[in-house]
Amino acid sequence: MPAFAEVEKIRYEGPQSKNPLAFRWYNAEEVVEGKTMRDHLRFAVVYWHTFRGTGSDPFGPGTMQRPWDDGSDSVENAQRRARVAFEFIDKLGAPYYAFHDRDVAPEGKTLAESNKNLDAVVKVLKEEQQRTGIKLLWGTANMFSNPRFMHGAATSCNADVFAYAAAQVKKALEVTKELGGENYVFWGGREGYQNLFNTNMQRELDHLGRFFHLAVDYAQEIGFTGTFLIEPKPKEPTKHQYDSDAAACINFLRTYELTDRFKLNIETNHATLAGHTMMHELEYAGLQNMLGSIDANTGDLLLGWDTDQFPTNFYLTTEVMLVLLKYGLAPGGVNFDAKVRRESFEPLDLFYAHIGGMDAFARGLKIAAAIRAEGELEKFVTARYSSWDSGIGAEIEAGQHSLKSLEAYMLKQGEAAPNQSGRQEMLENLINRYL
Ligand code: XLS
Ligand code: NI
Ligand code: NI
């Protein structure tokens, strides 16, 4: 008996459709800038929020009792849930999914038992991937929920916890490889600190660098060639996270000589928690060739935490797609690290949420492509920097000047050439023409 018997495969019906269980913009086969929407967007459904989310919050327990879930921690329940997950992703038409080890299988009393549980569920995941053609965008290990990770995992003050985390990543890498995962993610859940009075930051950072090298070495050993991704987030759960934003992560990766194997997985709600826009974080990573993948969601301006809402704002998705079209995304994807609200407790809400997110990104893709096709924005930026294309600007860029020679130049000129307007309002109006 299917879990979503009342839902048929979600189809594209076009912008005029009023069917809430149809796509209005996401048309997988439609070609934009020479590539299908499917290949541009590479949508992924996350296992944790979508199939393990209960709707609990700090003030009350879960609201989402799923009919297919018997509420137990058994492997059978986890296997049944995995089959439901694939029914959902298949009906939705997303080509990818992503998971943490502990989302898919219950943690046992020992590491050996946890590994055994994981193997039993991975067997089902593999069968379901083969049956449906859905692929794994990335795997990761949950090294933040279990109380043993209270001080962090790789950055724990307790060396045994580091060892435990290492063992967990070893297994998660094996499983990700076995399932053909295209990337492997590290989000440093508790890799940070609350208070410097009890923290040796230098040691913690060195341990984190070592940990990533151990992962790179083991990947090499088993032939896992997927990209490693670090997911920046400034706070929550710790006050200071070491992976706070794109700039901090790139600096860390350079310091510990990891840039050849790592890129970044940029998440909207994390960017805004860091005081940046998503577009800023994407551009910063992209220009350094460090943009790997995105976790698509959105925060709430009035709530100051990682609310992980589904993105529905075309302005946001347009900004994101402008940068993604510029730098490219594969082998990353648009991964919905987003959850339905506590009040949206029915299974059907999972469909509405994902359909809305996929449509918002498809629409953003089309708008961004139209902006690029007309080229007005690009023309403006090119012209804005034209003083660097010849004369003194070109000479400075070519490294032909010193402070002395620039002084000589300016003494002769007397004053800098007049500035031109930045035209921000005109450009904002221009973007609105496409929305
Ligand atoms: C939490 C993170 C997490 C990662 C995967 O805020 O977004 O869900 O994506 O560990
Ligand atoms: Ni998050
Ligand atoms: Ni995330």
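In this text the structure is predicted, and so the values were computed from the model without any measurement.

Turning next to empty space enclosed by the protein. On inspection of all chains with the given rule, the structure shows two cavities of 30 Å³ or more. Estimates place the volume of the largest cavity at around 170 Å³. Around the largest cavity sit 18 residues that line it, and Trp187, Gly188, Glu191, Leu208 and Phe212 are the ones nearest its centre. Every element with two or more residues in the lining of the largest cavity is listed here: α7 (201-222) and α8 (246-255). Take the lining of the largest cavity: its biggest share by element is three residues, from α7. Taken together, the residues that form the lining of the largest cavity break down as 13 nonpolar, two polar and three charged. Taken as a whole, the second largest cavity holds about 40 Å³ of empty space.

Packing of helix α13 (residues 376-384) against helix α16 (residues 424-434) leaves a shortest axis separation of 11 Å and a crossing angle of 160 degrees. Judged by the inter-axis angle, α13 sits roughly antiparallel to α16. Two packed elements cross with a definite hand, and for α13 against α16 that hand is left-handed. Where α13 approaches α16, its residues Glu376, Leu377 and Phe380 are matched on the opposing element by Met426, Leu427, Leu430, Ile431 and Arg433.

Bringing the coordination of the nickel ion (ligand 3) into the picture now. In the first shell of the nickel ion (ligand 3), the protein supplies Glu231 (OE), Glu267 (OE), Asp295 (OD) and Asp337 (OD), at 2.0 to 2.1 Å from the metal. Each of the six donor atoms bound to the nickel ion (ligand 3) contributes to angles spanning 79 to 177 degrees, and the resulting shape is octahedral. Between the nickel ion (ligand 3) and the nickel ion (ligand 2), a spacing of 3.8 Å is present, and a bridge between the two is formed by Glu267. Separated by 64 residues along the polypeptide, Glu231 in the loop between β10 (227-230) and β11 (240-241) and Asp295 in strand β13 (residues 291-295) bring together distant segments of the chain. Per residue, the accessibility class of Glu231 equals that of Asp295, and both read buried.

This part covers helix α10 (residues 278-287). Every buried residue belonging to α10 is among Met278, Glu281, Leu282, Ala285 and Gly286, and all of these are buried. Burial along α10 is one-sided: seen end-on, the buried residues are contained in an arc of 125 degrees. Asn289 sits one or two residues past α10 and shows a positive phi near 60 degrees.

Each pair of packed helices can be summarised by the angle the axes make with each other and by the distance between the axes. Where helix α5 (residues 111-132) contacts helix α6 (residues 159-178), the two axes come as close as 11 Å, and the packing angle between them is 15 degrees. Taken together, the axis directions place α5 and α6 in an arrangement best described as roughly parallel. As for the relative orientation of α5 and α6, their crossing is right-handed in sense. Contacts between α5 and α6 involve Leu111, Asn115, Leu118, Asp119, Val122 and Lys126 from the first element and Tyr164, Ala167, Lys171, Val175 and Glu178 from the second.

Looking now at the coordination of the nickel ion (ligand 2). Distances from the nickel ion (ligand 2) to its protein donors, Glu267 (OE), His270 (NE2) and Asp306 (OD), fall at 2.1 to 2.5 Å. On the basis of relative accessible area, Glu267 is assigned to the buried category, the value being 1%.

The next thing to look at is the pairing of strand β6 (residues 96-100). Judged by how many residues are buried, β6 sits mostly within the fold: five of five residues are covered. Burial along β6 is two-sided: Tyr96, Ala98 and His100 facing one way and Tyr97 and Phe99 facing the other are all buried. Sheet analysis places strand β5 (residues 43-46) next to β6, joined by three bridges and oriented parallel. Considered in β6, the bridge of Val45 is made with Tyr97. Here β6 pairs with strand β7 (residues 135-140) via five bridges, running parallel. Paired with His100 across the two strands is Thr140, which belongs to β7.

This brings us to the sheet that holds β5. Sheet strands associate in pairs through backbone hydrogen bonding, adopting either a parallel or an antiparallel arrangement. The strand order around the closed barrel built from eight strands is β5-β6-β7-β8-β10-β12-β13-β14, with neighbouring strands paired in parallel fashion. Averaged over all neighbouring strand pairs, the angle between strand axes comes to 30 degrees, with direction disregarded. In this sheet, β10 lies alongside strand β8 (residues 183-186) in parallel orientation, the contact comprising four bridges. Counted as the bridge partner of Val185 is Leu229 from β10. Sheet contacts for α7: β8, β10 and β12 (262-267); angle to β10, the most-contacted strand, approximately 160 degrees. Along the sheet, helix α12 (residues 347-374) makes contact with β5, β13 and β14 (334-336), crossing β14 at roughly 155 degrees.

Quick notes on the rules
Residues numbered from 1 in each chain as written. Chains lettered and ligands numbered in written order. Predicted model: local features only at pLDDT ≥ 70, side-chain atom pairs only at ≥ 80, totals over all residues. Heavy atoms only, no water. 1 Å grid on protein atoms, 1.4 Å probe; cavity = no way out; pocket = protein on both sides within 12 Å on 5 of 7 lines; lining within 4 Å. Points joined across faces, edges and corners; volume = space filled by probe spheres on them. Helix = DSSP H or I, 4+ residues; strand = E, 2+ residues; numbered from the N terminus. Nonpolar A, V, L, I, M, F, W, Y, C, P; charged D, E, K, R; others polar. Axes fitted to C-alpha atoms, helices over the stretch in contact; angles between N-to-C directions. Parallel < 35°, antiparallel > 145°, perpendicular 65-115°, else oblique. Left-handed = near helix turned anticlockwise from the far one by under 90°. Contact = heavy atoms within 4.5 Å. Donors = N, O, S within 2.8 Å, 3.2 Å for Na, K, Ca; no water. Tetrahedral: all angles 85-135°; square planar, octahedral: opposite > 155°, others 65-115°. Buried < 20%, exposed > 50% of the residue type's maximum accessible area, 1.4 Å probe, protein only. Arc of directions from axis to C-beta. Pairing = 2+ DSSP bridges.

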